[in-house]
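These are the residues of each chain, in order.
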Amino acid sequence: MSLPEKLAAFRANFEAGGPPWNAPAFIHEPMHRATDELIASGAADRALRAGDRAPAFTLHDANGRAWSSQELLARGPLVLTFYRGVWCPYCNLDLQALQEALPGLQALGAQLVAVSPQTPSNSRKSARDNKLAFPILSDTGNAVAAAFGLRFELPGYLQDLYRDVFRNDLVVVNGEPSWTLPMPARYVIARDGTIVYAEVNPDYTQRPDPSELLPVLERLRATAGA
């Protein structure tokens, strides 16, 4: 089953109130409204896209190790994915799919890292719960996400829902008070820093299958060998 199919199946069960979430019906209208508003804002159209230069960054993993984009690109093309946090089941399915795709990405010379605004301890939980073998980096305050054009602030009514109904206080989870998140995004960055693939979706329930990355990396390898 492809990642989009898994996400669609999860959403159908979640919105039907199925286990293990048993979500109450009243939560869906504000969640849909927030997504619709983000789509209507055109924020995704302002994010970096293929052909743009990727901003340089240095972020830390849960063990305190610094990872720089310069270091990563020295090894090969970079697959960079932004996700919301370990509390997001759609993000966890996305990370699991990327883990399954990791051997194929590495065979084509790529480095894979994931970035979220959550604290290092929550990044560690992401890696542990999803059995990940690639770095999870903490982007405090979504500073790097903002450089890519991905950062947005949750509307007040959604902040209330997250905090009071889901018991998911992003001030605690992310260790800072901004109530911002990145739009989920996936980039492939060539070794010269040029973005050659960009997928940004303001609807967090939709993510592309990692298999889309393979022809992009194959073309980069062919170009490098020419």
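These lines cover the structure that appears in this document, whether it is placed above or below. (Residues numbered from 1 in each chain as written. Predicted model: local features only at pLDDT ≥ 70, side-chain atom pairs only at ≥ 80, totals over all residues. Heavy atoms only, no water.)

## A word on unusual backbone geometry
- Following Pro19, the chain continues into Pro20 via a peptide bond in cis, with omega recorded as 5 degrees.
- Examined against the element boundaries, Pro20 turns out to sit in the loop between α1 (3-15) and α2 (28-41).
- The phi dihedral of Lys131 is positive, around 55 degrees, even though this residue is not glycine.
- Note that Lys131 resides in the loop between α5 (120-130) and β5 (136-138).
- For Lys131, a relative accessible area of 67% corresponds to the exposed category.
- The phi dihedral of Asn142 falls on the positive side, at around 60 degrees, and the residue is not glycine.
- With respect to the helices and strands, Asn142 occurs in the loop between β5 and α6 (143-147). (Helix = DSSP H or I, 4+ residues; strand = E, 2+ residues; numbered from the N terminus. Buried < 20%, exposed > 50% of the residue type's maximum accessible area, 1.4 Å probe, protein only.)

## Some thoughts on the packing of aromatic side chains
- By the definition in use, this model includes 10 aromatic pairs.
- For the ring pair Phe10 and Tyr90, a centre distance of 5.0 Å and an interplane angle of 85 degrees mean the geometry is edge-to-face. One end of the pair, Phe10, is in helix α1; the other, Tyr90, is in helix α4 (residues 89-107), with 80 residues separating them in the sequence. Across the pair, exposure class does not vary: Phe10 and Tyr90 are buried alike.
- Centre to centre, the rings of Phe148 and Tyr187 are 5.0 Å apart; their planes meet at 50 degrees, and the pair counts as tilted. Note that Phe148 is positioned in the loop between α6 and β6 (151-153) and Tyr187 in strand β8 (residues 185-189), a separation of 39 residues in sequence. (Phe/Tyr/Trp six-rings, centres within 6.5 Å; stacked < 30°, edge-to-face > 60°.)

## As for the packing of α1 against α2
- Close contact between α1 and α2 brings their axes to 12 Å; oriented N to C, the two are set at 140 degrees. The angle between the axes of α1 and α2 places the two elements in the oblique class. Contacts between α1 and α2 pair Arg11, Phe14 and Glu15 from the former with His28, Met31 and His32 from the latter.
- Residue composition of the contact of α1 with α2, grouped by class: 2 nonpolar, 2 polar and 2 charged. (Axes fitted to C-alpha atoms, helices over the stretch in contact; angles between N-to-C directions. Parallel < 35°, antiparallel > 145°, perpendicular 65-115°, else oblique. Contact = heavy atoms within 4.5 Å. Nonpolar A, V, L, I, M, F, W, Y, C, P; charged D, E, K, R; others polar.)

## Topic: the nonpolar core
- Core analysis: the biggest nonpolar cluster contains 69 residues, and Leu80, Phe82, Phe134, Phe148, Leu150, Tyr187 and Ile189 have the highest contact counts within it.
- At 8 residues, α4 tops the list of elements feeding residues into this core.
- Discounting chain neighbours no more than four positions away, the residues touching Ile189 are Ala54, Leu73, Pro77, Leu78, Leu80, Phe148, Thr194 and Ile195. (Core = buried A, V, L, I, M, F, W, Y, C linked by side-chain atoms within 4.5 Å.)

## Quick look at a nonpolar patch on the surface
- Side chains of Phe26, Val165 and Phe166 sit close together on the surface and give an oily, nonpolar patch of about 270 Å² of accessible area.
- Tracing the backbone shows Val165 in helix α7 (residues 156-165).
- Residue Val165 is classed as partly exposed on the basis of its relative accessible area of 36%. (Patch = residues over 30% accessible without salt bridge, like charges linked within 9 Å, V, L, I, M, F, W, Y side chains within 5 Å. Areas by Shrake-Rupley, 256 points an atom, 1.4 Å probe, with all protein chains shown as cover. Salt bridge = Lys/Arg side-chain N within 4 Å of Asp/Glu carboxyl O.)

## Points about α4
- End to end, α4 covers 28 Å across 19 residues, agreeing with the expected 27 Å (1.5 Å per residue, within 8%).
- Helix geometry: α4 is bent most strongly at Ala101, by close to 50 degrees, with proline Pro103 lying one to four residues after it.
- Of all the positions in α4, only Pro89, Tyr90, Cys91, Asn92, Asp94, Leu95, Ala97, Leu98, Gln99, Ala101, Leu102 and Leu105 are classed as buried.
- Once α4 ends, the next one or two residues include Gly109, with phi positive near 85 degrees. (Expected span 1.5 Å × (residues − 1). Bend = angle between axes of the 7 residues up to and from the residue.)

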